[in-house]
Structure formats: C-alpha cells, structure tokens
Amino acid sequence: MEEKLQSKNVQIVLFFGKVLECNSVKLANSLIENLPEIGQPNIFNIPEEAPNEIKMQMPKIIFGNAKDINVTVTNVNINISIDNDNIEIIKNKINKIYEALNENSITIQAIGVVSQYTYYDINFEKIKDTYYKQDELKQSDLFNMSWYKKEDNINTWKTLRIEEKDDLKNLTLNTDINNIGINQTINIEYIIEFLDEQYKKVSNFKESLEKKIGD
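Parameters at a glance
- Residues numbered from 1 in each chain as written.
- Predicted model: local features only at pLDDT ≥ 70, side-chain atom pairs only at ≥ 80, totals over all residues.
- Heavy atoms only, no water.
- 1 Å grid on protein atoms, 1.4 Å probe; cavity = no way out; pocket = protein on both sides within 12 Å on 5 of 7 lines; lining within 4 Å.
- Points joined across faces, edges and corners; volume = space filled by probe spheres on them.
- Helix = DSSP H or I, 4+ residues; strand = E, 2+ residues; numbered from the N terminus.
- Nonpolar A, V, L, I, M, F, W, Y, C, P; charged D, E, K, R; others polar.
- Axes fitted to C-alpha atoms, helices over the stretch in contact; angles between N-to-C directions.
- Parallel < 35°, antiparallel > 145°, perpendicular 65-115°, else oblique.
- Contact = heavy atoms within 4.5 Å.
- Salt bridge = Lys/Arg side-chain N within 4 Å of Asp/Glu carboxyl O.
- Buried < 20%, exposed > 50% of the residue type's maximum accessible area, 1.4 Å probe, protein only.
- Pairing = 2+ DSSP bridges.

Focus: empty space enclosed by the protein
Inference 1: All chains considered together, the criterion is met by one cavity of 30 Å³ or more.
Inference 2: Volume-wise, the largest cavity comes out at about 40 Å³.
Inference 3: Val 10, Asp 85, Ile 90, Ser 115, Tyr 117, Gln 198, Tyr 199 and Val 202 are the residues that line the largest cavity.
Inference 4: Elements supplying a minimum of two residues to the lining of the largest cavity: strand S6 (108–119) and helix H6 (188–213).
Inference 5: Top element by residues in the lining of the largest cavity is H6. It accounts for three residues.
Inference 6: Grouping the amino acids of the lining of the largest cavity by side-chain chemistry returns five nonpolar, two polar and one charged.

Okay, structure coming up:
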C-alpha cells in the first residue's frame, strides 16, 4: 500500500535532571564536535531580573541554520527538531547529542517525541464515517479531534486536524509520546529503546489510519 501520510517533522525533547548550570560556550562546542551538521550556535544571555518561569523557557543556545535539523537548549531541556522520520538516522543523532550532554555532566530525566504527518487531499466523508456517528458531527465541514492514553509511565496523545486549502481537505496527524513525570535519571539505552517503541506505535497507528481512510 502506498504511504499516504507524509512525514513533516519529528521533534525530540530531552528534559534535564536539574536546571542547567554548565557553561553555554563549552556545551555548544561539545554539541558541534559531536554533531557538526547542526551548524553554528547563537548563544544568549538570559537577564538575571527575568521572572523564573521565563528564565526556564528562554533559549540559551539555538542552532538554527542547518537544513534538516534544529537544536534549541533552554535551562530545562534540549529540543531537537528533525525533518526526517527515519528511526536509525534519528537514533544516531540523539546518541551523539547525548554524548555531548554527558561530557558536560548533564543528566536526562524524561523524554518526549512529537511526530507530524500530513495526508494531502483526503476522502473527508470516509473519515467522518469512520470516526463520527452522530448526524451533527457527520455534517461538519472541518474538524479537529484528539485522544489520550496512559500506559504505565508512558503518555500518548494523538491528534487529527483537518484543514482546507485550494478546495482540498488535508489531514495532519500529530502524535505526542512522553514519559514526563518519572523523576529519575535515564540513560542512553533507555532513550534508544523509547525511540524504538514510540516509532513502532506511530508506524502501527499510521498504517491503521491509512487502511481506514485510504481510497
């Protein structure tokens, strides 16, 4: 079966075990040495007088000039955005980033993975027949829907969004799988296993969705 859901982006967030205390220049150099393709960094000084909530979320380092990968470091996490859903490529990049963090004594406490796919020019009536039973909903022109499942320490969100462009209706699938809240240090073996498992979940859901709504 032809793959209808086309990958747009995979975003991996590694949450630090504690607020970042290392030297930003040293960390940036470590990241470049381990993963040169991320390009050159922009390093920011966060004002001491800024509210604590803002301090935690403001970027400290941004690598934003690469073609297919963007990396942002804040005081509480590192966000890696990759325009590729090849799991082996993703694991290779995350392994190198983990090595750079480890060199700077930065521990990881949690991981989240958000995957985005788009299905262009969908059969909208078939989607409504698949997911909606009430007449009022089946008469809709566009819709968004999301649902959540928790299994052990893993949180899974799935979202379907329909948008119309040039008289065509396109579907965007977002999955957000994370283990936020376990409050313990995780190693690279755990991270790689997590990436493998979330990839299986997303692939299975994509395949099931394509079978349900494909022509």
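Some remarks on the packing of helix H4 (residues 124–131) against H6
Inference 1: Relative orientation of the contacting elements H4 and H6 amounts to 110°, with a least axis distance of 9 Å. Between H4 and H6, the angle is such that the two are roughly perpendicular. Seen from H4, the contacting residues are Lys 126, Ile 127, Thr 130 and Tyr 131; seen from H6, they are Leu 209, Lys 212 and Ile 213.
Inference 2: Residue classes in the contact of H4 with H6 are distributed as four nonpolar, one polar and two charged.

Focus: the pattern of salt bridges
Oppositely charged side chains may form a pair once their charged atoms are brought near each other.
Inference 1: Applying the stated criterion across every chain yields a total of ten salt bridges.
Inference 2: Here Lys 93 and Glu 37 are joined by a salt bridge, their closest N and O atoms 3.0 Å apart. Pair noted here: Lys 93 is in helix H3 (residues 87–103) and Glu 37 is in the loop between helix H1 (24–34) and strand S2 (42–43), with a separation of 56 residues, a long-range link.
Inference 3: Between Glu 197 and Lys 200 there is a salt bridge, and its shortest N-O distance comes to 3.7 Å. In this pair, Glu 197 and Lys 200 both sit in helix H6, three residues apart, roughly one turn of the helix.
Inference 4: For Lys 200, a relative accessible area of 48% gives the class partly exposed.
Inference 5: The structure contains a network of salt bridges with shared partners spanning Glu 88, Lys 91 and Asp 196.

Regarding the pairing of strand S7 (residues 144–151)
Inference 1: Across eight bridges, the pairing between S7 and strand S8 (residues 154–165) is antiparallel. Note that in S8 the partner of Tyr 148 across the bridge is Trp 157.
Inference 2: The hairpin formed by S7 and S8 contains two residues between the paired strands, and Asp 152 there has a positive phi angle of roughly 55°.

Digging into the sheet that holds S8
Inference 1: Within the open sheet, the nine strands sit side by side as S2-S3-S4-S5-S1-S6-S9-S8-S7. Their pairing is antiparallel. Both outer strands of the open sheet, S2 and S7, are each paired with one neighbouring strand and no more.
Inference 2: As paired strands, S6 and strand S9 (residues 168–178) are joined by eight bridges and run antiparallel to one another. The residue bridging Val 113 from the neighbouring strand is Ile 177, located in S9.
Inference 3: Along the sheet, H4 contacts S7, S8 and S9; its crossing angle with S8, the most-contacted strand, is approximately 145°.
Inference 4: Each of strand S1 (6–16), S6, S7, S8 and S9 touches H6; the most contacted strand, S6, lies at about 25° to it.

Concerning the layout of surface pockets
Inference 1: Roughly 150 Å³ of internal volume is contained in the largest pocket.
Inference 2: Along its surface, the largest pocket is lined by Ile 154, Ile 177, Tyr 190, Glu 193, Phe 194, Glu 197, Gln 198 and Lys 201.
Inference 3: It is H6 that contributes the most residues to the lining of the largest pocket, six residues altogether.
Inference 4: Here the residues of the lining of the largest pocket sort into four nonpolar, one polar and three charged.

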